[in-house]
Amino acid sequence: MDSVGLSDERLLSRAELAELAGVMRPAVTNWQRRYEDYPEPVRTGETELFSLRAVLDWLDSRQIPPRARARDEPPGFTYADRMRRNLAASDEARQRAAARSGESDGSSLSGDEGQRARQLTQLLGPIADAVRGGGSMTDYLALVLSLIFLQVSGSPRSASLPRTVRVRSRDAAAVLLQEIGDAADEELRRRGVPPGMRTAIVKLEPREYGDVVEVICLTDGLGIDEFRQLADQFGSRSGLPSGEFFTPRAVVRLLRDAAIGDEDSAQRVYDPYMRAGEMLDGAAERLGGVVPLTLRGESPQRGTLWLAGMNLALHGVPVELETGSMAPWNERLWPKSHQADLILTNPPFNARGAVPRPREGIDWPYGPPPPGSPAFAWLQHAMVSLRDEGRAGLVMPVSAGASTDVREQEIRRRLVEDGAVECIVALPPQLFSGAQVSVCMWFMRRSAAVCDEILFVDARDLGDKATRGPRVLSDEHVRAVAKTVQTWRRGTGFRRGRQSAGHLAIAVPLYAVRAAGYSLSPADYVDRWMSTASPVDAATEAAATKATLDAARRRTNAVDCAVDALSYGPLSSAVVLSYDGLPHDWRRVRLGDLVSIMAGPSYSRVPAEVRSAAGELPVVMPKHLREGRIDDRDVEKVTADVARALARFRLSPGDILCVRSGAQMPPAMVEKAQDGWLFSTNLLRLRALEPDGGPLVLPGYLLAYLSLPETVHWLKEYARGTAVPSLSAATLALLPVPLPPLAHQRRISAALAAVDAQITVHRELIQAATHHRGTLAAHLLTGVLVPE
């Protein structure tokens, strides 16, 4: 086997087989035509490829005729022997070539994590549009993934790709793309994966040869972590149907970490529906280098099989990939070999072609599933694919745990009585892109020992809703839920009720599961009000929330006194008023004469692709303007490189932000905490002018005026006229502002600031009282606290 243990798994053409066997190409064609047991080809478009392993097995019994043997081939030497000898020589030559190129171990990974992050950001920036032209973003991602794959897998062809611009024609760029696609397809075929990269990559229409070279250079030093991030991008941008969408990384980690115990030594890991290989990738990340690991996966989706092959090849562990079926139980007997120590899978629940059919002469181990319900068929397929004492973790629909179908109830009964069910975890909704289905994780065990209880975990309230896209489980939540499962499994330290991250857990004895009609829904067992606190802990917690409430009350009293000390009086009747009712020392000034008004950068300079939670400098958007302040929750960020190009759009304390396009809302003022932040396309920045070394208007006074309902109404009126309301800087500059002397502005700002502080602390008081009340209710209503 080669350096990644995949020599026998590669896919070869008839010409390549003939060269290895030392025969003419027509001889291979004759073998296929004359012998019915000759291995079936794998078709990729119009090309037919053959599994090297299958051909070697077939040729093992076919001796080379005496007249066709070479001098160094003894009697009885088979065509398979010749092929293996030639393979060894070919692989050795390939490894020498890789060593000469300096890429033999694929370890050119840059040690600078920040630099790799910047490279990744650049790859997803303007260069992507320059290279893809009329091609799709997924075709471009296929190019980038192929380049990383070639580099990390140690392909000598990776080092031969140009890093400098030698020519400038578009034709040369097309040839270079074909070369990259061919190299990636060659590496995939070596690993038994049907090729398809060339077909995707040649759809790109780069502007210049140099743009492709720049992408090659930007992938230098990237590794498995960056490959995973780009694979996630590929999944989110492909618009895959439910049967093909990728499993989120957090879900993979939770399924893996809850299934694999600290003492487990699973060596054969299997995913019968591997999508992009996320589950096997997660297993390799956890177990690779710890145990002698073999990964096996099947997928009916050839469109993502290449991605899985690339993904898994990067780990350098033996991988067996097959083109599978939407309903493997319909097409073959229950597996007798390849039984796994661990199965991790997220099978399709409602995909066409996955409907179970009657199995003649073969019993379903836990009962036949009803038509139209493939979930229990996949579950039983997983169970019979396990070795004794093996464990399986499956993503299952919520409905599977509590359905009223008689056949599904019977399957659940048999699973429970057989001791096959270890744990059920209910997950939050909206975790998957493009699918709103609610799911649970089922952890199964094939064991002669029957556990006398089942763990139910309710994690439906965990996770954070992203600004765009699905809900996301944090690393903290993943670790907490996995720890709950592992603690229960070890039998020491488990405590029922609410856990550290807020999820709920309870170990239910089998007699209670029987009494509940064999329901496997956590909602039927987990009391969402259950308390984990002892009476002493409950009293301590209640005292702490009471102390917080008392502190809020003291702050409220202090601010109330400050507001009560404010005094106001009517304007003296002796003061002369102007025609519009303003005092004589006031004047009405256009806003444009008081502040500079700047619109945010164009969308092309701050597109969604360059904003993320992992950036360095926050970008304020209209949704962050709340009650005169900037709410920093869910703020997206850009890298330092992007921020440098947008230096003129930075914010300073005292700046005021108004909505430029979209629904109008009251403006907000920038505070010290937001110094240096950026503002987005749909905002206008107001900054006080200082013509004689001092401002004409104070920010606090101006914010108060701009927040008046009448002023907001003016802004809305002048923002009309289009389908999306839009307020230009020129229009906003016309807003008339009543302007008193600066000293008067300071007194007005101070009075309003005191009342604003009063509003804030009263809200804090309400929050503290609400929290205290919730703590009391949780403990009083579960009996651990008793009113006296």
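What you see is a predicted model, and the numbers here were worked out from it, not measured in a lab. (Residues numbered from 1 in each chain as written. Predicted model: local features only at pLDDT ≥ 70, side-chain atom pairs only at ≥ 80, totals over all residues. Heavy atoms only, no water.)

### A word on empty space enclosed by the protein
Defined as follows: A 1.4 Å probe that fits into a set of points on a 1 Å grid over the protein atoms alone but cannot get out defines a cavity; an open set with protein on both sides within 12 Å along at least five of seven lines defines a pocket, and lining residues are those with an atom within 4 Å of a point. Grid points are joined across faces, edges and corners, and a volume is the space filled by probe spheres set on the points. Every helix listed is a DSSP run of H or I at least four residues long, and every strand listed is a run of E at least two residues long, numbered separately from the N terminus. For this scheme, ten residues count as nonpolar: Ala, Val, Leu, Ile, Met, Phe, Trp, Tyr, Cys and Pro. Four count as charged, namely Asp, Glu, Lys and Arg, and the remainder, Gly too, count as polar.
This structure, assessed with the given rule, holds five cavities of 30 Å³ or more. Of the volumes computed, that of the largest cavity is approximately 40 Å³. Mapped onto the lining of the largest cavity, the elements with two or more residues apiece are β25 (683-688) and α23 (699-706). The dominant element in the lining of the largest cavity, judged by the number of residues it contributes, is β25, at three residues. Classifying every residue of the lining of the largest cavity by side-chain character gives eight nonpolar, one polar and one charged.

### Brief notes about the nonpolar core
As a reminder of what qualifies: We define a nonpolar core as any set of buried Ala, Val, Leu, Ile, Met, Phe, Trp, Tyr and Cys residues linked to one another through side-chain atoms lying within 4.5 Å. Relative accessible area decides the class of each residue, using a 1.4 Å probe on protein chains only: under 20% of the type maximum gives buried, over 50% gives exposed, and in between gives partly exposed.
By size, the foremost hydrophobic cluster in this structure holds 102 residues, and its most contacted members are Y140, L143, I180 and V425. The greatest single-element share of this core, amounting to 12 residues, is contributed by helix α7 (residues 137-152). Y270, V416, I454 and V508 belong to the second-largest nonpolar core, a separate cluster that totals 35 residues.

### Here we look at helix α18 (residues 406-417)
Defined as follows: In a helix, the anticipated span is given by 1.5 Å times the number of residues less one. The arc in question is formed by the directions pointing from the helix axis toward the C-beta atoms. Any two residues whose heavy atoms approach within 4.5 Å are treated as being in contact. Here a polar contact means two N or O atoms within 3.5 Å. Within protein one must be a hydrogen donor candidate and the other an acceptor candidate, and residues neighboring in sequence count only if both atoms are side-chain atoms.
Along its 12 residues, α18 runs 16 Å from first to last C-alpha, staying within 8% of the 16 Å computed at 1.5 Å per residue. Of the positions making up α18, those classed as buried are E408, I411, R412, L415 and V416. Projected down its long axis, α18 carries its buried residues within an arc of 130°, all on one side. Buried residues belonging to α18 abut α16 (374-384), α17 (399-402), β9 (421-426), β10 (439-445), β11 (453-458) and α20 (510-515). With a side-chain oxygen positioned 2.9 Å from the backbone nitrogen of R407, the residue opening α18 is D405. Of the residues one or two after α18, G419 is the one with positive phi, at around 75°.

### A few points about the packing of helix α21 (residues 535-564) against helix α26 (residues 742-780)
Keep this limit in mind: Under this scheme, a helix contributes an axis fitted over its contacting stretch, all axes are lines through C-alpha atoms, and angles between N-to-C directions fall in the 0 to 180 degree range. Here is the rule for angles: anything less than 35 degrees is roughly parallel, anything more than 145 is roughly antiparallel, 65 through 115 is roughly perpendicular, and the remaining ranges are oblique. Handedness of a crossing is defined here by the sense of rotation of the near helix relative to the far one, left-handed for an anticlockwise turn of less than a right angle and right-handed for a clockwise turn.
Two numbers describe how α21 lies on α26: the axes approach to 9 Å, and their chain directions differ by 160°. By the angle between their axes, α21 is roughly antiparallel relative to α26. With respect to the hand of their crossing, α21 and α26 are arranged in left-handed fashion. Taken together, the residues of the contact of α21 with α26 sort by class into 14 nonpolar, nine polar and six charged.

### Description of unusual backbone geometry
Most peptide bonds take the trans form, and the phi angle of most residues other than glycine is negative. Positive phi values are uncommon outside glycine, yet E389 reaches one of about 70°. Within the secondary structure, E389 sits in strand β8 (residues 386-397). Looking at E389, the relative accessible area reads 42%, which means it is partly exposed. In this structure, E627 is a non-glycine residue whose phi angle is positive, near 55°. Here E627 is to be found in the loop between β19 (625-626) and β20 (629-630).

### Remarks on the sheet that holds strand β18 (residues 617-620)
Definition in use: Two strands form a pair only when DSSP identifies at least two bridges running between them.
The strand order across the open sheet built from three strands is β21-β18-β24, with neighbouring strands paired in mixed fashion. Both edges of this open sheet fall to β21 (636-638) and β24 (678-679), since each of them pairs with a single strand only. The pairing of β18 with β24 spans two bridges and is parallel. By the bridge assignment, V620 is partnered in β24 with F679.

### A word on the confidence of the model for the chain
For clarity, the cut-off: pLDDT expresses how confident the predictor is about each individual residue, on a scale running from 0 to 100.
When the pLDDT values of the chain are averaged, the result is 84; 88% of them are 70 or greater. A low-confidence stretch, residues 1-7 stays under pLDDT 50, and its non-local contacts, those more than four residues away or across chains, total 20 contacts. The low-confidence segment residues 103-109, where pLDDT is below 50, has 21 contacts with residues more than four positions distant or belonging to other chains.

### Structural notes on helix α1 (residues 14-21)
By the burial criterion, the buried members of α1 are R14, L17, A18, L20 and A21. Taken around the axis of α1, the buried residues stretch over an arc of 165°, which confines them to a single face.

### A look at the layout of surface pockets
Here the second largest pocket is characterised by a volume of approximately 1100 Å³. E627, G628, R629, D756 and T760 are the residues nearest the centre of the second largest pocket, which is lined by 30 residues in total. Elements represented by at least two residues in the lining of the second largest pocket include exactly β20, α23 and α26. Of all the elements, α26 adds the most residues to the lining of the second largest pocket, at 12 residues. Taken together, the residues of the lining of the second largest pocket sort by class into 14 nonpolar, seven polar and nine charged.

### Describing the pairing of strand β22 (residues 656-659)
On β22, burial covers both faces: I656 and C658 on one face and L657 and V659 on the other are all buried. Examined bridge by bridge, β22 and strand β23 (residues 668-669) share two bridges and lie antiparallel to one another. Across the sheet, I656 pairs through a bridge with M669, a residue of β23. By the bridge criterion, four bridges tie β22 to β25 in an arrangement that is antiparallel. Looking at β25, one finds that V659 is bridged to L683.

### Points about the sheet that holds strand β14 (residues 497-498)
In any sheet, the strands associate via hydrogen bonds between backbone groups, in a parallel or an antiparallel arrangement. One open sheet accounts for 10 strands, arranged β6-β5-β4-β7-β8-β10-β9-β11-β15-β14; its pairing is mixed. If you trace the sheet from one side to the other, it starts and ends with β6 (319-323) and β14, each paired once. With six bridges joining them, β11 and strand β15 (residues 504-509) adopt antiparallel strand pairing. Bridging across to β15, F456 finds its partner in I506. Contacting β4 (268-271), β7 (340-345), β8 and β10, α16 crosses the sheet at an angle of about 160° to β8.

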